Structure formats: structure tokens, C-alpha cells
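The chain contents come next:
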Amino acid sequence: MLALVFLLVVLGLWWLLGRSPGSGVPGGHRGAAWDGPVAVSTVRAETGRLTVEVLAIGTVTSLNTAVVRSRVDGLLLEADFEEGARVEKGDLLARIDPRPYQVALDQARGQYQRDLAELKGAREDLELYQLLDRQDSIAGQQLNQQKALVEQLEGTVATDRAAVADAELQLSWTRIEAPISGRLGLRAVDPGNLVSSADTEGLVTITQMAPIAVEFTIPETRLQELLEARGDDRPLTVEALDRDESRVLATGELTTVDNRIDTATGTLRLKARFENADGVLFPNQFVNVRLKLRALDEAVVIPTDAVQYGSQGTYVYLVEDGKATLRTLTLGPTEGERVAVESGLEGGEQVVLEGLDRLREGREVVTEADAQP
């Protein structure tokens, strides 16, 4: 039994090893189909302009934000503003009961007038004493005392004048005006409530909307490119895009580069300024940022999908005389779905874009159509 089993195993192995690759398929069509021409789509390498860009995620920030607080204590009589409305610097927002401060101003003015009249009388007496002193009719000590009295009253009048100015200032603060131009937030205090200068929440918040800024970060590996781009003092263009990167919301300029790299993230903080006249950018909004560093003229450009990566490095397949040819490349900057080729490719050569999975060196190909770049 063991000998019979061994014989059957030997016969089976001999039969399997002795089969031809095309046996069982008429004319060997199975092997011919696998080794036949491959249908591919190609695109021609272009020579043109490519913009070197840095993509990042940014946050819209206001250049100025002000919490409107009362500078005096009192009863809030009016709040003459609409929540969410745009205001200009100096617009009246609210009024505090001015009567206590008007009374204080009247008192200060009365005190000032009284001391001013007393100073006037002292000066007239001083002139009389000086005349008598020249006639040697009074003692010199009496003249000196009158001079000291005049000087003392002059100081009192100066203090009264400052008290009047302070009372006028306190009265003016009962009119709460917008310190900056921007958009109002939600009202925090309603009319009829007592407000105080110690309140930290304030009456309302004003956020500047135009111009506005966007803060974002770039990897420290792009720092040298950024410094070279800013070396000629030309403004660098920054575009703010929506979340899908399908629409440019606004275009601005890079204004600020931070003075140090964040060691925790290895990134550098930047800030760009946008005019935002149409108000499309909103504070604390997340946007995609596209920073344009420089432009390459006469660069050889191919789609990024055509580039392959392997043990031999970065390469593409070309179509030459109906066959696939592997060509190693040195790549440059990338712009969207396009990449610049620094060496290994010339403009006009046909690069395989689709059908790459079945290609090898020397494989016959059938070009379906030139794909659009």
C-alpha cells in the first residue's frame, strides 16, 4: 500500500511539472493575454510656469478687539445700538445718568469762581502794598506776607481749575462712545441697571472686521525658502480658501513672521493681512491658507499621479516606439496636482498617467488617448 501511494504521488508530480503554461487553453491564449500590449493613457510633459506654494491651515483673527466698559458709576439710561451692527469710532453707544456728575461740575466751578475772586482781591492789595512800600509807608514784612498770600491763592485757583476739568471729564464719560470701528457683539447689560467702572464684562464687545488678519504656521523645513522669498522686500501673496479649497475667499499679503520656531511642533507662526471689505472673513474662522513664495518659469511639469516611487527612486513610465520605458527623475516643488521635474525629463515627452499597475520595462503599450494635464 505504501509503495502504491508513493507511485501515485510521483506520477502526479510528473504530470503537473510536465504541463505546458498554455495547456488547456487553445493556442496558448491565456499566456498571450497576460503578456500582450497594455492599454494606457498618457499626458505630455509641459513646459510652463509653476508657482511654489506653502499650504497651511489658519485662523482668522481681528486686528483690534475692544470691550466697551463704563468709566464712571451710575444708572444706565440708554443703550443706543443694535447687536451685531457695524459702528464707527466715536458713535454714541450708551448714556449713563449725568445728573450727579453735572452737580459735581457745578460745585467745582463755584469753588473756582470763589477762589478766583479772592485771588483778584489779593493781587489788588499787593499792588497797593507795593506802592506804599515804595513810599516807605509800610513794613517790608507786611509786603512779603501779601506776596505769599497771592502765591497761595494762585495755587488754589490752579487746583480749582484742574477740579473743573476733572468734573467735565467725568461728565463726558457718561456718554459711552465706540472706541474703534467694527462690528458689535451681544449686549451684556440692559438699560435700567447700575453699571460700574469695575465691571470686567463691559456693556458690549467691538471687533474690527476690516482690515483683518489670518494667523497660520508653516513647517520649519520651509523657513529657508521663506527667507529667500522675503529677501528682495517684495510682498508675498497669501490666499485664504474655504474648507474644500474650491474657492478663494480673499487675497492678502504676508505681514509678520514670528521671531522663533515652536520647538514642540517644529513650526513657525506667520500672520497675513486682508482688507476684507466685503466681510467674507470672520474672526475665529478656520480657513485654508496658500502662501505663494516664488514662481518657476520654463519648468517641466507633469501630474503628480504619474510619479511612481520604488527601490530605484522616483520614476515615471514613458511611451517610446510603442513600448514602456522607465525613467528616473529628480522632482522639484509641487503646485496642487502638478509637480516640477528638475532633471530626467524634457517637455513634450509622453508620460503614462493611467494603467501603471501592469507596466514593466519594455512592455508593449497601446495608447488610448492623450490625457489633458
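Since the model is a prediction, treat every value here as computed from it, not as a measurement.

With that settled, the discussion passes to helix H3 (residues 99–134). Taking 1.5 Å per residue as the helical rise, H3 with its 36 residues ought to reach 52 Å, and the 53 Å between its terminal C-alpha atoms agrees with that figure. Residues of H3 that are buried include every one of Tyr101, Leu105, Ala108, Tyr112, Asp115, Leu119, Ala122, Leu126 and Tyr129, and no others. The secondary structure elements touched by the buried residues of H3 are helix H4 (140–172). Just past H3, the residue Asp136 takes up positive phi, approximately 60°.

Turning to H4, a few remarks are in order. Compared with an ideal rise of 1.5 Å per residue, which puts 33 residues at 48 Å, H4 spans 49 Å between its outermost C-alpha atoms and is within 8% of the ideal. Looking at H4, one finds that the buried residues are Leu143, Gln146, Val150, Leu153, Val157, Asp160, Val164, Ala167 and Leu171.

So, on to the pairing of strand S21 (residues 350–354). Side-chain direction in a regular strand flips from residue to residue, so the side chains alternate between the two faces of the sheet. Of all five residues in S21, four are buried; the element is thus mostly enclosed. Sheet topology note: the strand S1 (residues 38–44)/S21 ladder contains four bridges and is antiparallel. Counterpart to Arg44 in the pairing with S21 is Gln350.

In this section: the pattern of salt bridges. All told, the structure shown has 17 salt bridges when counted by the stated rule. In this structure, the salt-bridge partner of Glu78 is Arg95, at a minimum N-O distance of 3.3 Å. In this pair, Glu78 is assigned in strand S4 (residues 74–79) and Arg95 in strand S6 (residues 92–96), connecting sequence segments 17 residues apart. Of the charged contacts, one joins Arg269 and Glu215 as a salt bridge, the two residues approaching to 3.2 Å between their closest N and O atoms. Taken together, the residues span a long stretch of sequence, with Arg269 in strand S14 (residues 267–274) and Glu215 in strand S11 (residues 212–219) at a distance of 54 residues.

Read from one edge of the open sheet, four strands run S3-S10-S8-S5, paired in antiparallel fashion. Since the sheet does not close on itself, it has two edges, and those belong to strand S3 (65–68) and strand S5 (86–87), each with one partner. Note: S3 against strand S10 (residues 204–207), four bridges, orientation antiparallel. Pairing of Val68 across the sheet is with Val204, part of S10.

What follows concerns the confidence of the model for the chain. For the chain, per-residue confidence averages 88 on the pLDDT scale, and residues scoring 70 or more make up 93% of the total. With pLDDT under 50 throughout, residues 20–33 is counted as low confidence; its partners more than four residues away or in other chains account for four contacts.

Another aspect to go through is the packing of H3 against H4. The contact between H3 and H4 brings their axes to 8 Å, and the two run at 160°. Of the possible angle classes, the one that applies to H3 and H4 is roughly antiparallel. Note that H3 runs across H4; the crossing there is left-handed. Of the residues belonging to the contact of H3 with H4, the class tally is 19 nonpolar, eight polar and eleven charged.

What follows is about the sheet that holds strand S9 (residues 194–195). A sheet is described by the order of its strands in space; here four strands give the open sequence S7-S6-S4-S9, paired in antiparallel fashion. The open sheet terminates on both sides in strands that have one partner only, identified here as strand S7 (175–177) and S9. The pairing of S6 with S7 spans three bridges and is antiparallel. Each residue of the ladder has a partner; that of Leu92, found in S7, is Glu177.

What follows is about unusual backbone geometry. Pro211 follows Ala210 through a cis peptide bond whose omega is -5°. Tracing the sequence through the fold places Pro211 in the loop between S10 and S11. We note that Glu298 has phi near 55°; this positive angle belongs to a residue other than glycine. Examined against the element boundaries, Glu298 turns out to sit in strand S15 (residues 286–303). By relative accessible area, which is 63% here, Glu298 ends up exposed.

Turning next to the packing of aromatic side chains. What characterises a pair of aromatic rings is the spacing of the ring centres plus the angle enclosed by the ring planes. The tally for this structure, following the rule as stated, stands at one aromatic pair. Taken together, a centroid distance of 5.8 Å and an interplanar angle of 90° make the contact between Tyr315 and Tyr317 edge-to-face. Like Tyr315, the residue Tyr317 is buried in the burial classification.

Here strand S17 (residues 313–320) runs beside strand S18 (residues 323–328); their pairing, made up of six bridges, is antiparallel. Along S18, the bridge assignment pairs Tyr315 with Thr328. Taken together, S17 and the strand that follows it, S18, pair antiparallel across an intervening segment of two residues, in which Asp321 is found at a positive phi of about 55°.

Moving on, we come to the nonpolar core. Judged by nonpolar contacts, the single largest core of 36 residues is most densely connected at Leu76, Leu93, Leu184, Leu203 and Ile206. Breaking this core down by element, the ones donating at least two residues are S3, S4, S6, H3, H4 and S10. A total of eight residues in this core trace back to one element, the largest contributor, which is H3. Those residues in contact with Leu93, other than ones at most four positions away along the chain, are Val68, Glu78, Ala79, Asp80, Phe81, Val87, Ile176, Glu177, Ala178, Leu184 and Ile206. Counting 24 residues, the second-largest nonpolar core is a separate cluster that includes Ile212, Leu236, Val238 and Val287.

Analysis parameters
Residues numbered from 1 in each chain as written. Predicted model: local features only at pLDDT ≥ 70, side-chain atom pairs only at ≥ 80, totals over all residues. Heavy atoms only, no water. Helix = DSSP H or I, 4+ residues; strand = E, 2+ residues; numbered from the N terminus. Expected span 1.5 Å × (residues − 1). Buried < 20%, exposed > 50% of the residue type's maximum accessible area, 1.4 Å probe, protein only. Contact = heavy atoms within 4.5 Å. Pairing = 2+ DSSP bridges. Salt bridge = Lys/Arg side-chain N within 4 Å of Asp/Glu carboxyl O. pLDDT = per-residue confidence, 0-100. Axes fitted to C-alpha atoms, helices over the stretch in contact; angles between N-to-C directions. Parallel < 35°, antiparallel > 145°, perpendicular 65-115°, else oblique. Left-handed = near helix turned anticlockwise from the far one by under 90°. Nonpolar A, V, L, I, M, F, W, Y, C, P; charged D, E, K, R; others polar. Phe/Tyr/Trp six-rings, centres within 6.5 Å; stacked < 30°, edge-to-face > 60°. Core = buried A, V, L, I, M, F, W, Y, C linked by side-chain atoms within 4.5 Å.

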